[in-house]
Structure formats: structure tokens, C-alpha cells
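Examination of the molecular architecture
Spelled out from the first residue to the last, the chains are:
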Amino acid sequence: MSTEEREQQRYLQDRGEIPTHIAVIMDGNGRWAKSRGNPRIFGHKAGVDSVRDITEACAEVGVRHLTLYAFSTENWGRPKGEVSALMKLLVQSLRSETNKLHENNIRLSTIGDIYRLPPSCRKELEYAIERTSENSRMELCLALSYSGRWDIRQAVKMLAEKTQKGEIAPDEIDDEVISHHLSTSALPDPDLIIRTSGEFRMSNFLLWQAAYSELYITETFWPDFRRKELYHAIESYQDRDRRFGKVAVSKAQKEPTII
Ligand code: IPE
Ligand code: IPE
Ligand code: MG
């Protein structure tokens, strides 16, 4: 980390609250590659460098959970060649990056239907998760074969089974119970969701969990998204007024004034 980066981090920490949980829709790899006259996989490979940089920067600035949308349920519908290249890249990246994650005291986790992943990916993932399981500085959660609807569906099925067995009464199913049955049960809801490449949509990401997340959308393609822009996103987050449907309370007041 350069002196300038350290200063920027300190500036952000003094400036306001650092989001506890940042989630990122890493988009634009294909267009980034195309704009350079290269095949899409070239962009996915370049995207791994951004993953490394953003993971390190988040840990250094004090983010506690970083969730990266790496492969959606719908992405299974891409051409076979692209899907297998992405799976291979995942295996290679886990092999090359796990030591670094461990050295940086970062714990790896996943959300999603990982049983759909090829056995080689699952094996590498299980190894990396186990290896980093005691780490406490930050959690890096990879959303793989993930979609918000898949997540809600599996929670609904689990709750239906429990109700059928009489383990839970329908009346007891509240927001907290539902959150507890989602794949993100161990994660707080994301404070900030970043989407790269200028698309204004959720693409089936954390649908339930994003209820009150702040959104930051940038035109930058994922392979060009580096820590400078992450700092900018955090600065933008710090300027937001998170009301959660209530009335704004100024920092000097305890109760809102009704005018
Ligand atoms: C995001 O980049 C990576 C994945 C979805 C796996 P894309 O591959 O979607 O790139 P664009 O959006 O087509 O440019
Ligand atoms: C969202 O990007 C999924 C991931 C980043 C893994 P997509 O490229 O798949 O989404 P759409 O097609 O633009 O909605
Ligand atoms: Mg895309």
C-alpha cells in the first residue's frame, strides 16, 4: 500500500462510517474485452486483478464483509465454452489467491447453489474455506450459482418443511425467521451495493437483503474498477441520509422535529 493510499484510507475512516457490508455486482468483463478486440474470457481474467485489489482495499479500510456476485443462476445459460472457462478460472484463482487471503486474515465463504459447480471447483472452494475458517479481519463471500430468487425459494422450502413437521407455526414466520433461513443468515444485510458497467438493475442479486441497501452505480467496467473508485463509492455512501422509511434525524437532535 502506498503512502497516498494509506492517507486516503485514513481520510475515509475519519470522514464517516465505513460500510460494514459491501456487495458488488461485478459486471462488464465481456464489454471490456470486446472494446480491446479480445474474447470475453480475456475480460474475466482481467477481472480477477480487480477482485484482488478490491478485496485488499476493503480489508484495509475496515469493511467487515465483502460479497462478490461472481456467477449467477442465469449465467449457467451462457455458451458452454464461456461457462467452463469461468469455472477453470475460479479453480485457478482459488489456487493462486488462497495463501494471500490467509496471510491477510480474510475468511472465505460462499452463498449459492454450489452443488451445481463442477467437483474440481467445489474441492478447491472447500479447501480454501477450511484453510481460512479461523480468520477474523474480513469475510470475503463469493456468490456462486447464486440468485436472489433461488435463495428465497430454498428458504421457503425449508420453512414449509418445518411447518409441516410442526417445528414452527406459520404465525412465527416473521422477517427475522426468513432472514435466518436465507443463505446469508450469517451476514448482515449489505449497507452498500456497487454495480459496475452502468446497468441500472439488480440482476437477481440479494433481493430480500437489499431492502435498504444504498446503491452505487458506475459506468466503469469491472476490470477497470480499482481501489480509487471504491474509495469514491464509500465517500458517496457516507453522504447518504439513510432513513429506513422514517424521518431524518439531524445529528444534533435525538427526536425529529415535526413542523
Ligand atoms: C460479469 O461480466 C462477469 C459475469 C457475469 C460472470 P459479463 O461477462 O457479464 O460482461 P458483460 O456484461 O457481458 O460486458
Ligand atoms: C450479473 O451480471 C451477474 C454477475 C455479475 C455474476 P450479468 O451480466 O449476468 O447480468 P445482466 O445480464 O446484465 O442482467
Ligand atoms: Mg454482464
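Report on the accompanying structure. What you are looking at is a predicted structure, and each value in this text was computed from that prediction instead of being measured. (Residues numbered from 1 in each chain as written. Chains lettered and ligands numbered in written order. Predicted model: local features only at pLDDT ≥ 70, side-chain atom pairs only at ≥ 80, totals over all residues. Heavy atoms only, no water.)

1. A look at a negative patch on the surface
We count it as follows: Without a salt bridge and with relative accessible area above 30%, a residue can belong to a patch; like charges are then joined within 9 Å and nonpolar side chains (Val, Leu, Ile, Met, Phe, Trp, Tyr) within 5 Å. Per-residue accessibility takes into account occlusion by the displayed protein chains alone, with areas from the Shrake-Rupley method and a 1.4 Å probe. We define a salt bridge as a side-chain nitrogen of Lys or Arg found within 4 Å of a carboxyl oxygen belonging to Asp or Glu. Charge assignment: positive for Lys and Arg, negative for Asp and Glu; neither His nor the chain ends contribute. Throughout, a charge is located at the NZ atom of Lys, the CZ atom of Arg, the CG atom of Asp or the CD atom of Glu. Secondary structure is summarised from DSSP: a helix means a run of H or I of at least four residues, a strand means a run of E of at least two, and numbering begins at the N terminus for each.
On the surface, a cluster of negative charge is contributed by Asp-171, Glu-172, Asp-174, Asp-175 and Glu-176. Of note, Asp-175 is situated in helix α7 (residues 175-181).

2. Looking at the sheet that holds strand β4 (residues 138-146)
We count it as follows: For two strands to be treated as a pair, DSSP must find no fewer than two bridges joining them. In this description, a line fitted to the C-alpha atoms serves as the axis of each element, helices being fitted only across the stretch in contact, and the angle between N-to-C directions of two axes falls anywhere from 0 to 180 degrees. Here, two residues are considered to be in contact whenever any of their heavy atoms come within 4.5 Å of each other.
Taken together, the six strands give an open sheet; going across it, the order is β3-β4-β2-β1-β5-β6, and neighbouring strands pair in parallel fashion. Either end of the sheet is taken by a strand with one partner, and the two such strands are β3 (106-111) and β6 (214-217). Neighbour-to-neighbour, the strand axes of the sheet open up by a mean angle of 20°, direction not taken into account. Where strand β5 (residues 192-195) meets β6, four bridges bridge the pair, whose relative direction is parallel. Across the sheet, residue Leu-192 finds its bridge partner in β6, namely Glu-214. Strands β1 (21-25), β2 (65-72), β3 and β4 of the sheet are contacted by helix α3 (residues 40-61), whose axis makes an angle of about 160° with β2. Relative to β3, helix α5 (residues 119-131) is tilted by about 140°, and along the sheet it contacts β3 and β4.

3. A closer look at the site of ligand 2
Here is the rule: We call a residue near a given molecule or strand whenever any one of its heavy atoms falls within 4 Å of it. N or O atoms within 3.5 Å of each other form a polar contact, as long as, within protein, one can give a hydrogen and the other can take it, and as long as residues adjacent in sequence are counted only when both atoms are side-chain atoms.
Looking at ligand 2, the residues that line it are Ile-25, Met-26, Asp-27, Tyr-69, Ala-70, Phe-71, Ser-72, Asn-75, Arg-78, Arg-195, Arg-201 and Ser-203. Between ligand 2 and Asp-27 there is a distance of 3.2 Å, counted from an oxygen atom to a side-chain nitrogen or oxygen. In this structure, an oxygen atom belonging to ligand 2 sits 3.0 Å away from a side-chain N or O atom of Asn-75. Here ligand 2 loses 78% of its free accessible area of 390 Å² to cover by the protein chains.

4. Here's the deal with the side chain of His-21
Operational definition: For every residue, the accessible area obtained with a 1.4 Å probe (protein chains only) is divided by the maximum for its type, and the residue is called buried under 20%, exposed over 50%, and partly exposed between those limits.
Residue position: His-21 is located in strand β1. For His-21, a relative accessible area of 1% corresponds to the buried category. A polar contact of 2.7 Å, which involves the side chain of His-21, links it to the side chain of Thr-67. Sequence-distant contacts of His-21, defined by excluding residues within four places in its chain, comprise His-65, Leu-66, Thr-67, Leu-187, Pro-188, Asp-189, Pro-190, Asp-191 and Leu-192.

5. A few points about the pattern of salt bridges
Taken as a whole and assessed by the stated rule, the structure comprises 22 salt bridges. Arg-40 serves as the salt-bridge partner of Glu-82, at 2.8 Å between the closest nitrogen and oxygen. Taken as a pair, Glu-82 in helix α4 (residues 80-103) and Arg-40 in helix α3 lie far apart in primary sequence, 42 residues in all. Its relative accessible area of 13% is what places Glu-82 among the buried residues. For Arg-40, a relative accessible area of 36% puts it in the partly exposed group. The salt bridge partner of Glu-214 is Arg-242, with a shortest N-O separation of 3.7 Å. Highlighted residues: Glu-214 in strand β6 and Arg-242 in the segment after α8 (227-238), separated in sequence by 28 residues. Accessibility expressed as a relative area gives 16% for Glu-214, which makes it buried. Take Arg-242: its relative accessible area is 22%, and that puts it in the partly exposed class. A network of salt bridges, in which partner residues are shared, links Glu-5, Asp-53, Glu-56, Glu-60, Lys-100 and Arg-227.

6. Looking at the pairing of β5
Alternating residues of β5 divide into Leu-192 and Ile-194 and Ile-193 and Arg-195, and every residue in both groups is buried. Of the strand pairs in this sheet, β1 and β5 are connected by four bridges, and their pairing is parallel. Across the sheet, residue Ala-23 finds its bridge partner in β5, namely Ile-193.

7. Quick notes on the site of ligand 1
Defined as follows: Nonpolar residues are Ala, Val, Leu, Ile, Met, Phe, Trp, Tyr, Cys and Pro. Charged residues are Asp, Glu, Lys and Arg, and all others, Gly as well, are polar.
Surveying the vicinity of ligand 1 reveals the residues Met-26, Asp-27, Gly-28, Asn-29, Gly-30, Arg-31, Arg-40, His-44, Ala-70, Asn-75, Arg-78 and Leu-86. In the model, an oxygen atom of ligand 1 is placed 3.4 Å from a nitrogen or oxygen of the Gly-28 main chain. Note that an oxygen atom of ligand 1 is positioned 2.7 Å from one of the side-chain N or O atoms of Arg-78. In isolation ligand 1 has 380 Å² of accessible area, and contact with the protein removes 87% of it. Breaking the shell around ligand 1 down by element, the ones donating at least two residues are α2 (29-34) and α3. A per-element tally of the shell around ligand 1 places α2 first, with three residues. Grouping the amino acids of the shell around ligand 1 by side-chain chemistry returns three nonpolar, five polar and four charged.

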